[in-house]
2 protein chains.
Amino acid sequence: MIRIGIVGYGNLGKGVELAIKQNSDMKLTYVFTRRAPEDIKLKDSSVKVMHVSDAEKLKNEIDVMILCGGSATDLPEQGPVFARMFNTVDSFDTHAKIPQYFEAVDQASKAAGKVGIISVGWDPGLFSMNRMLAEAVLPQGTEYTFWGRGVSQGHSDAIRRVKGVKGGVQYTIPKDEAIQRVRNGENPNLTTKEKHLRDCYVVVEEGADKAAIEKEIKNMPNYFADYETKVTFISEEELKKNHSAMPHGGFVIRSGNTGENTKHIIEFSLKLDSNPEFTASVLVAAARAAYRLSSEGQSGAKTMFDIPLGYLSIKSAAQLRKELL
Amino acid sequence: MIRIGIVGYGNLGKGVELAIKQNSDMKLTYVFTRRAPEDIKLKDSSVKVMHVSDAEKLKNEIDVMILCGGSATDLPEQGPVFARMFNTVDSFDTHAKIPQYFEAVDQASKAAGKVGIISVGWDPGLFSMNRMLAEAVLPQGTEYTFWGRGVSQGHSDAIRRVKGVKGGVQYTIPKDEAIQRVRNGENPNLTTKEKHLRDCYVVVEEGADKAAIEKEIKNMPNYFADYETKVTFISEEELKKNHSAMPHGGFVIRSGNTGENTKHIIEFSLKLDSNPEFTASVLVAAARAAYRLSSEGQSGAKTMFDIPLGYLSIKSAAQLRKELL
């Protein structure tokens, strides 16, 4: 049994707890929190909750630590700290800062003789793997990533900062017409704006000026001004009932040529009812790979590009060849 | 420069020759044939054509040999023979015999200290990778593979064996309705027959009884009898003009649950205008991986499950992290 620890018990940490139960070769042993441990109620009460500051004492009780903090402030600090003590897996997703984060985790985990797999999830993660694979197979081609339909936390926050707004959610929606053009092999030039529209559901305070709020949202620079944006006003009950899930997904499509202009389309897509639960499931599969790489004597930071695919599976190499090849 | 050799210059071998030109880190050095070498005309006349029996003499001139023979009779014989002399890549695709073929290549390539990557292409190959990846991420779920729209060589041959038939092509077509049910997360039980229909284009000899031929095709056991089968009679010119390409493709869809019954759909699909050219492109990316694994000192038979994904790419690990993660 691979002994897993979780750092951070938010939506992602809860998802990891549930995902571990679907994998019979691993068990959750500890959850670490910055809050008061007694305030955390796990689904499985046999698992111990400890304060993060006590993690070091449990170095020998945990094979892989799954870091479930955010990329803005938690992981840049926690990643290297935990990589100095444990094999780690995280979902660091600030694309522009990945090289720098990789170096920090690499130094720490190499010094400790541990493996730290960074940027695991679906983007970065499964989307990256399919982008890379499609480019390697079709070097002459164009790659398109579409996101959604899914909740964007940043854009939802932006809506909620508008005066008179009580609550709101923003869905990023890929434009069907753009996807069709790519699938048809037209190789169009498309900006992020041309590929997506922004669909907002907004609850206003009593007596608020809806027309003014809609105008302010639609003209908000960076967030909405350059996009096709829809604003729908709904009641607080409706927001709670129909918009509290965290769906997401998207499409990675590569359109390329071989030979003398023979066309091919490679497409990978996800339709996720819960972004954090799905991301958690990818983290858990990567924890298995971290354990195996570490058992082989490897160390240092890794990404999904560095892992033999079979290491993610509970099945043996012979079983994979027989059943899934 | 990675020096590549090709064994067998049919559709697949020709595809490999073209694919190598798209990859600036490799070059084609020799093509080996069982035919008279002087009868083979390559696209690039600077490459030497040799008889297969001369391959052994060129052990030091070739880094990876790409075996482009068929799975029925060529590869079971050639695979282990060449694995004793070279790093090899092949597209062995008789699913049921993969474990046995793996063992034969493994023994040969281990003895020689070489790497032999088997069963490369899209199914087995990219489809297998996505089946495995999706199962590892969503262990509670159901996997569906749909093939097509594409030419089935076996079924086309079966049509051509019917008396009075001069020529013909069979397309396997995935049923839209079945795909939609899977995408909706209904988790239906579907047999291969329920997922596909068989679309036949047939040229008959003058004076042949079309009604009798259509009946014979539709009732042919194993091939057509259990399927929804369409037969369309066309002229010889039409067959040549509209049905001489070798398109193929398909869908691998996994529908699974996390947490407390949260649904997710992972889908991978291919739409290929030329099955052999695309398969060749996958073989060439795998040749790069064979070269790298061998340079590291690894040996033995491998599959796509054993290869760190990044080894397939011309880009360095740092470049991949920066550009594609």
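Keep in mind that what you see is a predicted model, and the values were worked out from it rather than measured.

Note on the identical chains: chain A maps onto chain B by a rotation of 180° and an axial translation of 0.0 Å, with an RMSD of 0.0 Å. The transformation relating the two chain copies, once decomposed into turn and shift, fits a two-fold axis. Mapped onto chain B, 100% of the interface residues of chain A again fall at the interface, so both copies present the same surface.

On to the sheet that holds strand β7 (residues 141–147) of chain B. Taken in spatial order, the 6 strands line up as β7(A)-β12(A)-β13(A)-β13(B)-β12(B)-β7(B) in an open sheet, and their pairing is antiparallel. Among the strands making up the open sheet, the edge pair consists of β7 (141–147) of chain A together with β7 of chain B. The mean angle between the axes of side-by-side strands here comes to 10°, regardless of whether they run parallel or antiparallel. One ladder, built from 11 bridges, connects strand β12 (residues 248–258) of chain B with strand β13 (residues 262–272) of chain B; its direction is antiparallel. Counted as the bridge partner of Ile253(B) is Glu267(B) from β13(B). Running at roughly 25° to strand β12 (residues 248–258) of chain A, helix α6 (residues 176–183) of chain A makes contact with β7, β12 and β13 (262–272) of chain A together with β13 of chain B of the sheet. Helix-sheet contacts for helix α4 (residues 126–137) of chain B involve β13 of chain A together with β7, β12 and β13 of chain B, and the interaxial angle to β12(B) is about 5°.

Moving on to the side chain of Arg131(B). Assignment of secondary structure puts Arg131(B) in helix α4. Residue Arg131(B) is classed as buried on the basis of its relative accessible area, which comes to 8%. Contacts of Arg131(B), omitting those with residues within four sequence positions, involve Leu324(A), Leu325(A), His95(B), Asp123(B), Glu143(B), Thr145(B) and Val252(B).

On to empty space enclosed by the protein. Any empty space left between the atoms is revealed when a probe the size of a water molecule rolls over them. All chains considered together, the criterion is met by 2 cavities of 30 Å³ or more. Size it by volume and the largest cavity reaches roughly 50 Å³. Together, Met129(A), Asn130(A), Leu133(A), Leu309(A), Met129(B), Asn130(B), Leu133(B) and Leu309(B) line the largest cavity. Those elements that provide at least two residues to the lining of the largest cavity are α4 (126–137) of chain A together with α4 of chain B. Residue composition of the lining of the largest cavity, grouped by class: 6 nonpolar, 2 polar and no charged. Here the second largest cavity is characterised by a volume of approximately 30 Å³. Surrounding the second largest cavity, Ala19(A), Gln22(A), Asn23(A), Ser281(A), Val284(A), Ala285(A), Ala136(B), Val137(B) and Pro139(B) form its lining. Of all the secondary structure elements, the ones that give two or more residues to the lining of the second largest cavity are α10 (275–295) of chain A together with α4 of chain B. No other element matches the 3 residues that α10(A) contributes to the lining of the second largest cavity.

Extensive coverage of β13(B) is indicated by the burial of 9 of its 11 residues. In terms of strand pairing, β13(A) meets β13(B) through 9 bridges, oriented antiparallel. Looking at β13(B), one finds that Phe268(A) is bridged to Phe268(B). With antiparallel pairing between neighbouring strands as the criterion, β12(B) and β13(B) make up a hairpin whose turn holds 3 residues, including Gly259(B) at a positive phi of roughly 50°.

Conventions adopted
- Residues numbered from 1 in each chain as written.
- Chains lettered and ligands numbered in written order.
- Predicted model: local features only at pLDDT ≥ 70, side-chain atom pairs only at ≥ 80, totals over all residues.
- Heavy atoms only, no water.
- Least-squares fit on C-alpha atoms with pLDDT ≥ 70 in both.
- Contact = heavy atoms within 4.5 Å.
- Pairing = 2+ DSSP bridges.
- Helix = DSSP H or I, 4+ residues; strand = E, 2+ residues; numbered from the N terminus.
- Axes fitted to C-alpha atoms, helices over the stretch in contact; angles between N-to-C directions.
- Buried < 20%, exposed > 50% of the residue type's maximum accessible area, 1.4 Å probe, protein only.
- 1 Å grid on protein atoms, 1.4 Å probe; cavity = no way out; pocket = protein on both sides within 12 Å on 5 of 7 lines; lining within 4 Å.
- Points joined across faces, edges and corners; volume = space filled by probe spheres on them.
- Nonpolar A, V, L, I, M, F, W, Y, C, P; charged D, E, K, R; others polar.

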